Amino acid sequence: MTKITADNLGRGAFVYIRQSTADQLLNNPESRRRQYGLANRARQLGWTTVEVIDDDLGRSGGGIKRPGFERLLAAICEGRVGAVFAIEASRLARNGRDWHTLIEFCGLVGTVIVDEDGIYDPRHPNDRLLHGMKGTMSELELSLFRQRSQEALKQKARRGALFLSVAAGYVRAGRDRIEKDPNQRVQEALSLIFAKFTELQSVRQVHVWLRDEGIVLPVACHRAAEELSIVWRLPLYNTVHNILTNPVYAGAYAFGRTMSKVSVKDGRKRVDRGLRRPQSEWDVLLKDQHEGYITWSEFERNQRVIANNATGKGSAVTGAVRRGELLLAGLLRCGHCGRKLYVGYGGKAGRYYCQGALVNHGTARCISFGGLRADNAVGTQVLRVLKPLGIDAAVKALAAQTGETSAAQRQLDLALQEAHFAAAHTRRQYDAVDPANRLVAGELERRWNEALQVVHRLEGEIAELEAKKPAPLGEKERQHLMRLGADLELAWSHPAATAETRKRILRAALHEIVVRIEGGIIQMVLHWQGGDHTALQLKINGAGKHRWMVPEDTLSLIRELARLMPDQQIARLLNRAGKPTGRGNGWTKARVCSFRSHHGIAVYRDGEWVARGELTLEAVAQGIGVSIMTALRMVRRGIIKGRQPCSGAPWVIKVEDLAAYRTQKPSRHSLTSNSAQESFQFQ
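Residues numbered from 1 in each chain as written. Predicted model: local features only at pLDDT ≥ 70, side-chain atom pairs only at ≥ 80, totals over all residues. Heavy atoms only, no water.

Caption draft 1: Region of interest: the overall build of the protein chain. Helix and strand counts for the protein chain come out as 27 helices and 22 strands. In the protein chain, which comprises 683 residues, the proportion classed as buried is 36%. Counting contacts in the protein chain only where the partners sit at least 6 residues apart, residues at least 24 apart contribute 60% of the total. (Helix = DSSP H or I, 4+ residues; strand = E, 2+ residues; numbered from the N terminus. Buried < 20%, exposed > 50% of the residue type's maximum accessible area, 1.4 Å probe, protein only. Contact = heavy atoms within 4.5 Å.)

Written out as structure tokens, the structure reads:
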């Protein structure tokens, strides 16, 4: 008792209370009562001011942040603490840093430490040595407890018998085994998720489809002192992702899929739990341990699809199907540097390009080319390979359309059956109760009414779904679908076929496409999902070469016509000749003018014919004194040399050719092929 001085009694007594886990708070109240009882002991020892610090209830003493312990240290440094009360050293700290810091501060300001065994003054060497040993033993004790429990868990997990929790869709069968939930509604809801992922190939798309259809999923609900129960909720993205990535649904037992990472932040230990580990680092993986919803091979395929859908995770993954008209996004890999090709859109057209050299060396891009021609060439190759499967796909589409009920309606039917059972059960409870016992009867009546309301709501949803259900396909629609199956090219170019649908078809057939550009040729190697390879070569578009270009013969014709007539007459002549613009439109004066300006063709000027020494057919006829038709026949027979750019264009006769005709002797032959026709000479 001599260790307690008047100075200690003049300051306050602080009682520090701590329990490590929430489970101890719930199930070990006696330890907490013992700690709170230290306040009475402090008063018995002479302290009138006693402060209880219980901020750290449910926190471990292994070094994590503890606001109550930090408040205690702050009060000691301020000189307000005469004694620190705790039932044992392990309550104050279970790590050397906190324990020795406490002893050091108490020794500096003369604060004593009181536990159930005695009173200790950290300024005395013997007390300080004893407390140091107690702190070391407390830290060692925690390590031993943790090691024993972890080894026991791992030993049981190696046998596949450790189940800390049970996933939705399974129930415990004994203490060391699980089996499928016998509830058919639960089984079909989970099977629907895997079926839709096989169809849509995207976790996000499955989640969106479930939300759009209003389909609820079973979620495991663990409550204190209760068995596992199932609640039905609209799915979150994490719910769908966890179901698709959990190996338990493939019939496998896995332990150690997550880990904890310890770091130091603000001078305190911080533990991040639930970090996922790669499959190769799992502690235990036992296949075929119980009945699964999918096979292990399907599970592995799903994981590969999910990993490849991770956009922005480097060049090793394909990425999910995204918006955009170009079809090969994510499939192309540069044959020069090995990196994925990016997609860029300028206006309506798009291009594929590689930035490997630009990023690494600051030089120009590796390759860049237009996407439309490449998409068409690869699509043609895929259609050629998939053509034998078209009829089979059409038959399966008919079978899916003519199914008895949709997936959403099936889930509503099962929910309605469950609601009918719940309503009948509450009715039996209500009928069995004594009517005079209104306290119980009133509550059971309320539950019965709620169950009937659920039944009414589900019946309304089913009726609404039936009203929206499309009519079955008629014979005409069936035949049209079979024609599309037989002609995949028609189905591929059908207006109802979206770019997303075409991308999924390409990804189902192709694993990757390696692209190189050498000598103006795009060299593509198609890697099929089955392991085969196909080489494909395309001529790269030159500058300004695109699918909307006017043909070369039309360009040459316009160059020649521009020297013979104005733009308005050129437009009329091209339209009569059936030569449209690059986009398939008719010619107008403005379009001819714009086309000339783009290609640097000068506009027609009056007097050009005379300057070049050229004559029209009318001028030739007038010059030799014949009719225009006679002059035309003479030009066509070669008697007078002339040229015509195209049918309907004006004839062009040079002045020297007309002069050469005049110097020739008059022909004795008839100008026509009729030998009976006579020539008349008029004076």
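Caption draft 2: Spatial organisation of the sheet that holds strand β4 (residues 112-114). Pairing is mixed across the open sheet formed by five strands, whose spatial order is β2-β1-β3-β4-β5. Looking along the sheet, the strands with just one partner apiece sit at the ends: β2 (50-53) and β5 (119-120). Bridge count between strand β1 (residues 12-16) and β2: four bridges; the pairing is parallel. Within β2, the position partnered with Tyr16 by the bridge is Ile53. (Pairing = 2+ DSSP bridges.)

Caption draft 3: How the structure looks around the side chain of Arg32. In this structure, Arg32 sits in helix α3 (residues 29-36). A distance of 3.2 Å separates a polar atom in the side chain of Arg32 from the backbone oxygen of Leu25. Beyond its immediate chain neighbours, meaning those up to four positions away, Arg32 contacts Gln19, Gln24, Leu25 and Leu57. (Polar contact = N/O pair within 3.5 Å; in protein donor to acceptor, adjacent residues only side chain to side chain.)

Caption draft 4: Quick look at the sheet that holds strand β20 (residues 533-539). Pairing is mixed in the open sheet, where four strands are placed in the order β14-β18-β19-β20. Of all strands in the sheet, those with a lone pairing partner are β14 (332-334) and β20, marking the two edges. Averaged over all neighbouring strand pairs, the angle between strand axes comes to 25°, with direction disregarded. Here helix α20 (residues 499-509) sits on the sheet in contact with β18 (510-518) and β19 (521-528), set at roughly 95° to β18. (Axes fitted to C-alpha atoms, helices over the stretch in contact; angles between N-to-C directions.)

Caption draft 5: Structural view of the pairing of β18. Bridge count for β14 against β18 is three bridges, and the pairing is parallel. Among the inter-strand pairings, Leu332 is bridged to a residue of β18, identified as Ile513. Direction of pairing for β18 relative to β19: antiparallel, over a ladder of eight bridges. Residue pairing across strands places Val514 opposite Val525, the latter belonging to β19. Hairpin connection, β18 to β19: the antiparallel pair is bridged by two residues, and Gly519 has positive phi, about 60°.

Caption draft 6: View of the packing of aromatic side chains. Following the criterion strictly, the structure yields 12 aromatic pairs and no others. Ring centres 6.0 Å apart and planes at 55° place the aromatic pair Phe194 and Tyr249 in the tilted group. Residue Phe194 is located in helix α9 (residues 184-200), and its partner Tyr249 is located in the loop between α11 (237-245) and β10 (253-255); the two are separated by 55 residues in the primary sequence. Each member of the pair, Phe194 as well as Tyr249, carries the same accessibility label: buried. By the ring-pair criterion, three or more aromatic residues cluster together here, those being Tyr170, Phe194, Tyr249 and Tyr293. The ring of Trp209 has Lys196 sitting right over it, with the charged end atom 4.3 Å from the ring centre. (Phe/Tyr/Trp six-rings, centres within 6.5 Å; stacked < 30°, edge-to-face > 60°. Lys NZ or Arg CZ within 6 Å of the ring centre and 35° of its normal.)

Caption draft 7: Examining the packing of α11 against helix α12 (residues 296-308) more closely. It is at 9 Å that the axes of α11 and α12 come closest, and there the two elements cross at 135°. Relative to α12, the element α11 is oriented oblique. On α12, the residues touching His241, Leu244 and Thr245 of α11 are Phe299, Gln303 and Ile306. Partitioning the contact of α11 with α12 into residue classes produces three nonpolar, three polar and no charged. (Parallel < 35°, antiparallel > 145°, perpendicular 65-115°, else oblique. Nonpolar A, V, L, I, M, F, W, Y, C, P; charged D, E, K, R; others polar.)

Caption draft 8: Seen up close, the nonpolar core. Ranked by internal contacts, the top residues of the largest apolar core, which has 38 residues, are Ile193, Leu210, Val240, Leu244 and Tyr249. Only α9, α10 (203-213), α11, β10 and α12 provide two or more residues apiece to this core. Counting residues per element, this core draws most heavily on α9, which supplies eight residues. Residue contacts for Leu210: discarding those within four places in its chain leaves Leu192, Ile193, Ile215, Leu217, Pro235 and Val240. Of all hydrophobic cores here, the second largest spans 28 residues; its members include Cys334, Ala499, Ile513 and Val515. (Core = buried A, V, L, I, M, F, W, Y, C linked by side-chain atoms within 4.5 Å.)

Caption draft 9: The arrangement of the pattern of salt bridges in detail. The final tally for this structure, using the stated rule, is 33 salt bridges. Members of the salt-bridge network, linked through shared partners, are Glu560, Arg563, Glu608, Arg612, Glu614, Arg643 and Lys654. (Salt bridge = Lys/Arg side-chain N within 4 Å of Asp/Glu carboxyl O.)

Caption draft 10: Layout of helix α25 (residues 617-624). Inspection of α25 places Leu617, Val620 and Ala621 among the buried residues, and these make up the whole buried set. Projected onto a plane normal to the axis of α25, the buried residues spread over an arc of 100° and lie on a single side. Where the residues of α25 are buried, they touch β21 (614-615), α26 (628-636), β22 (653-654) and α27 (655-663). (Arc of directions from axis to C-beta.)

Caption draft 11: Geometry of the side chain of Thr245. Within the secondary structure, Thr245 sits in helix α11. The exposure class of Thr245 is buried, given its relative accessible area of 10%. Among residues more than four places away in sequence, those in contact with Thr245 are Arg257, Arg276, Phe299, Gln303 and Ile306.

Caption draft 12: The arrangement of unusual backbone geometry in detail. Its identity as a non-glycine residue notwithstanding, Gln201 has a phi of 60°, on the positive side. As for its position among the elements, Gln201 is in the loop between α9 and α10. With a phi angle near 55°, Asp288 is a residue other than glycine that sits in the positive phi range. Among the structural elements, Asp288 can be located in the loop between β13 (284-286) and α12. Residue classification places Asp288 among the exposed residues on the basis of a relative accessible area of 68%.

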